[in-house]
Amino acid sequence: MIKHIADTIFKWYCHPDFYLDIKGDLEELYSDHLVENKKKAQLKYLVDVILLFRISLLRPIFQNSIIKDSGMFRNYFKVSVRNLARHKMFTAINVIGLAIGLASFLLMYEYIKFEKSYDAFHSDSDKIYRVSYVRVQNSMDTDKDAMAAYPTGKILEETLPEIIDHTVSKKFDFLLIKNGDKSFKERLVISADPNFLKLFNYPVLEGDIESMLSEPESVVLTESRARAYFGDADAMGKILEVVSPYKTSLKVTGILKDIPDNTHYSFNMLVSDKTLEEGQDYNNWDWNNYYVYLKSDREVDLAVLEAKANDAVNEHTNNLDKDENWKTNGTRLDIHPVRGIHLKSDFTYEPQIHGSEKAVDFLIIISVFILVIAWVNYINLSTARAVERAKEVGLRKVIGAIRKQLIIQFLCEAFIVNLISALIAIGLAELTLPYFNQLVGKEVIDSVWNQLPFLISIAAFVFIGTFASGFYPALVLSNFTPISVLKGKFQNSKKGIALRKGLVIAQFAASLILIASTFIIYQQVNYMQGKDIGISVDQVVNVTVPESDAETEEENIAARNKLKAFKKELANHSAIESVGAASNLPGGDVADINSTTTVVRFAGDTEPTEGTTYIQYNDEGFLDAVDMELVAGRNFSEAIKSDSVAVMANEAFLRRLNVPDFASVVGKKLQFGTRETNTKYTLVGVVRDFNRTTLKEQVEPSLYFPWFNADDLVIELSSNNYQAGLDHIKDTWDQFYQDAPLNYSFLDERFAALYDQDRSFGDTFMVFAILAVFIAILGLYGLASFMSVQKSKEIGVRKVLGASESQIIFLFYKDFFSLVGISSFFGFPLIYFLMNGWLDNYAYRISFPWVLLVISLIIVLVFSLVTVGYQTLKVAKLDPAKTLKYE
């Protein structure tokens, strides 16, 4: 492909007299390089073709145009190169600005392309959809969970003719696996039925796709995980022992190529669905714990498909003997194209953290800003040089040059500047690529040289840039009247000056938007990290105790006693403040907790309450370990036997039940479902709301149940001696669980990790905002330089008439003050519109910070005045005798 493109380019530009000879030489070199590596040989061939692009080898391209032969064309190149070489500052400013702008734009473009490519690698990605359940109350969507009930896919495939296949999958929190003496805590584990691999067509390296997931206790590994478990040995048929949360053996029945990063549902391990069959009720319509995917035989109208799917499911479930709540609550199916999940999902319980379409839109805006600012620099500087080049144009016209020829001449200059910039941009992109990948937190591409689309984009932007930046200056410069110019009556036109000012205003406005947006993003991220979340996570360590593999009641009792003894031993050390345990740790993602959509009500109440209730199990030490405040009632106690049916609620849960006085409901009974015979739980306490996950989400209405054998421990260390506390944890672990590796983490790090994506977005935005402002300032510097030269005589006259240096400096500053003022007039509303919309994505957000707009304006003013000030001061200090001696 690369060689074919190179051949086409070479044939297009090479003179026919030289073509065959040079082509033969190129082929000979290609054959030599081919021995080493085909891809490298093709790239070297392309480089050779580019290096051969020289004036002496050009064919007479424009035989039927005003350029009659290549001699004329060569002349344009020579003149352009001489002009660019003579005006080094002009050339340097434009080349540097365009190179940075182009490199930034193209790297950002690759990132945006990567974000938009999620799940596009599946061959039928445009025909694959995911089914989710949405709870509706008063015509409003109240809960949107990405998951659905297991039977949903089967019913839809049987009922709707356009659905030709479906698959159902479940995501595990983790599996603790043993292979010989080694233990592995696998987090990217999902279950799947045999249809899964047919529907998603992941590349299979080993195993039969028809049978690898058809039997119980089968597992399919990715290539890298197979190597991690078995090294270079053949993994097929080998056995892995799962010790937690289930105890079973898994036989490796298939190996897949590693799953690409750009998927919304990543995994390293596929456990056959039948392995879990005994523990699951696959006909249960109340349990929305599965990811259900459909495949259609054609592209479908989503609204029509959703309506038909809802009718089909309702018709089926209406005949079932189900909980009355399921029928009376408003619930509907939502069907979402799999390719849109990563950027467009607003569902909870997504299998992994998804991207943001708004963030991508912002990056598109900033990347375009950068490129446009660089092109605007060229336009501004070129038109500012109009006076300087007027005589050249006048003389050319007098000796016979027509306007079209002058336009080509100036376009030729723009082409050379854009070409040099593009070559530098490729080098810059390659050099900064590792830092860029680190900045966005993903390996978008490994090298620009491996990306043919990237190289083609560069070539395309050379031509686009030539016309975008060069066409207007070419029109202006070629339009001069020779008589006026040669009589010395030429002046910049008012329209030209107005356009130049307009472009500078646009640059200032873009700079304001970028600076203010960066500040706002960082302030929001800092707000989230610094906000009181309702609990204390500083100096709190999480340790997960190995799950018991007890099979008899005696072994169970022994395991529980061991856990109690371990907790007691930990708490005995002075460097440890408290020890608690819970089923779900604070700081997890949204999906990292149990939940139910079943009605929860006070016993005797008949009014059903809508919405998802989140459920956590913890022991009596959990509240102390994370400083969770008890608003009313009491904590659990293992010593109180009746606490086996006790429950605590948070404020958000009671608010949903319209309870005005929390203390008044302590002691009342809570029930799940509408049946009066269901278990009644005594509400013993009410805890303060706390944000379990990111502040993008509201506090979840939650219930807390007692579980004194929870295996996720939270240990609060003394702030004065936390290292001694850690050492004690390690020593105690070795004493009780020497066979298992100790893994611990700090809760504050878990919370910080929730904002990695926001921080990455802020860092990316900041870096490119700085680049954009730098390019704008670079252009402003060049513009100020030309203006100072043009106004040198005016300044000389003013000084002769008595103007002071400060008055002259003010004269220059006045113009720039007014331009910045106008740019803020246009920029401020845009900043409010864009950033207020972005802040609306967060349940907990800052008020719109107007003061940051003022600070951004001051920064732009300071940068502008410093940039212009140097040139202004230089002119203000000029001796009028020198500037006026020829007048």
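Residues numbered from 1 in each chain as written. Predicted model: local features only at pLDDT ≥ 70, side-chain atom pairs only at ≥ 80, totals over all residues. Heavy atoms only, no water.

(A) Broad picture of a nonpolar patch on the surface. There is a patch of nonpolar side chains on the surface, built from Val-854, Ile-858, Val-862 and Val-866 and spanning about 340 Å² of accessible area. Within the fold, Val-862 resides in helix H26 (residues 850-876). (Patch = residues over 30% accessible without salt bridge, like charges linked within 9 Å, V, L, I, M, F, W, Y side chains within 5 Å. Areas by Shrake-Rupley, 256 points an atom, 1.4 Å probe, with all protein chains shown as cover. Salt bridge = Lys/Arg side-chain N within 4 Å of Asp/Glu carboxyl O. Helix = DSSP H or I, 4+ residues; strand = E, 2+ residues; numbered from the N terminus.)

(B) The arrangement of a negative patch on the surface in detail. Negative charge collects at one region of the surface, where Asp-21, Asp-25, Glu-28 and Asp-32 lie side by side. Residue position: Glu-28 is located in helix H2 (residues 16-34). Classification of Glu-28 by relative accessible area gives exposed; the value is 55%. (Lys, Arg positive; Asp, Glu negative; His and termini not counted. Charge placed at Lys NZ, Arg CZ, Asp CG, Glu CD. Buried < 20%, exposed > 50% of the residue type's maximum accessible area, 1.4 Å probe, protein only.)

(C) The pattern of salt bridges, seen in detail. Under the definition given, this model contains 24 salt bridges. Measuring nitrogen to oxygen at the nearest pair gives 3.6 Å for the salt bridge that ties Asp-334 to Arg-332. Here Asp-334 falls in the buried class, since its relative accessible area comes to 11%. Note on Arg-332: relative accessible area 25%, which makes it partly exposed. A salt bridge links Arg-845 to Asp-840; its shortest N-O distance comes to 2.7 Å. Residue class for Asp-840 comes out exposed when judged on its relative accessible area of 51%. Where salt bridges share partners, they join Lys-3, Asp-7, Lys-23 and Glu-27 into one cluster.

(D) Up close: the state of the cysteines. Summed over the entire model, instances satisfying the criterion amount to 0 disulfides. We note that Cys-14 lacks a disulfide partner, and the nearest cysteine sulfur, in Cys-412, lies 19 Å from it. (Disulfide = S-S within 2.5 Å.)

(E) Layout of the environment of Ile-770. As for its placement among the helices and strands, Ile-770 is situated in helix H23 (residues 756-790). Placed 255 residues apart in sequence, Ile-770 and Ile-515 show a C-alpha to C-alpha distance of 7.9 Å.

(F) Main features of helix H3 (residues 38-51). For H3, which comprises 14 residues, the first-to-last C-alpha distance of 20 Å matches the rise-based estimate of 20 Å (1.5 Å per residue) to within 8%. Residues of H3 that are buried include every one of Ala-41, Gln-42, Leu-43, Tyr-45, Leu-46 and Val-49, and no others. (Expected span 1.5 Å × (residues − 1).)

(G) Inspection of the packing of helix H1 (residues 2-13) against H3 at higher detail. Across the interface, H1 lies against H3 with an axial gap of 9 Å and an inter-helix angle of 15 degrees. As summarised for this structure, H1 and H3 are arranged roughly parallel, according to the angle between their axes. Judged by the sense of rotation from one axis to the other, the crossing of H1 with H3 is left-handed. Residues Ile-2, Lys-3, Ala-6, Asp-7, Ile-9, Phe-10 and Tyr-13 of H1 lie in contact with H3, whose contacting residues are Gln-42, Leu-43, Tyr-45, Leu-46 and Val-49. Its residues assigned to classes, the contact of H1 with H3 shows 9 nonpolar, 1 polar and 2 charged. (Axes fitted to C-alpha atoms, helices over the stretch in contact; angles between N-to-C directions. Parallel < 35°, antiparallel > 145°, perpendicular 65-115°, else oblique. Left-handed = near helix turned anticlockwise from the far one by under 90°. Contact = heavy atoms within 4.5 Å. Nonpolar A, V, L, I, M, F, W, Y, C, P; charged D, E, K, R; others polar.)

(H) Fine view of the nonpolar core. Core analysis: the biggest nonpolar cluster contains 152 residues, and Phe-10, Ile-366 and Met-628 have the highest contact counts within it. Looking at this core element by element, the count peaks at 15 residues for H23. Excluding its chain neighbours within four sequence positions, the residues that come into contact with Ile-366 are Met-108, Leu-514, Phe-765, Phe-768 and Ala-769. Within the second largest apolar cluster, 41 residues are counted, among which are Leu-160, Val-168, Tyr-282 and Val-292. (Core = buried A, V, L, I, M, F, W, Y, C linked by side-chain atoms within 4.5 Å.)

(I) Molecular detail of the packing of aromatic side chains. The tally for this structure, following the rule as stated, stands at 40 aromatic pairs. Relative to Phe-200, the ring of Phe-196 has its centre 5.0 Å away and its plane inclined at 55 degrees; by these criteria the two rings are tilted. Here Phe-200 and Phe-196 lie together in helix H7 (residues 195-200), a separation of 4 residues that amounts to about one turn. Aromatic pair Phe-848 and Trp-850: ring centres 4.8 Å apart, planes at 65 degrees, arrangement edge-to-face. What makes Phe-848 buried here is its relative accessible area of 10%. Taken together, the ring pairs connect Phe-121, Phe-196, Phe-200, Tyr-202, Tyr-265, Phe-267, Tyr-291 and Tyr-293 into an aromatic cluster. The positively charged end of Lys-3 is found above the aromatic ring belonging to Tyr-30, 5.0 Å away from the centroid. (Phe/Tyr/Trp six-rings, centres within 6.5 Å; stacked < 30°, edge-to-face > 60°. Lys NZ or Arg CZ within 6 Å of the ring centre and 35° of its normal.)

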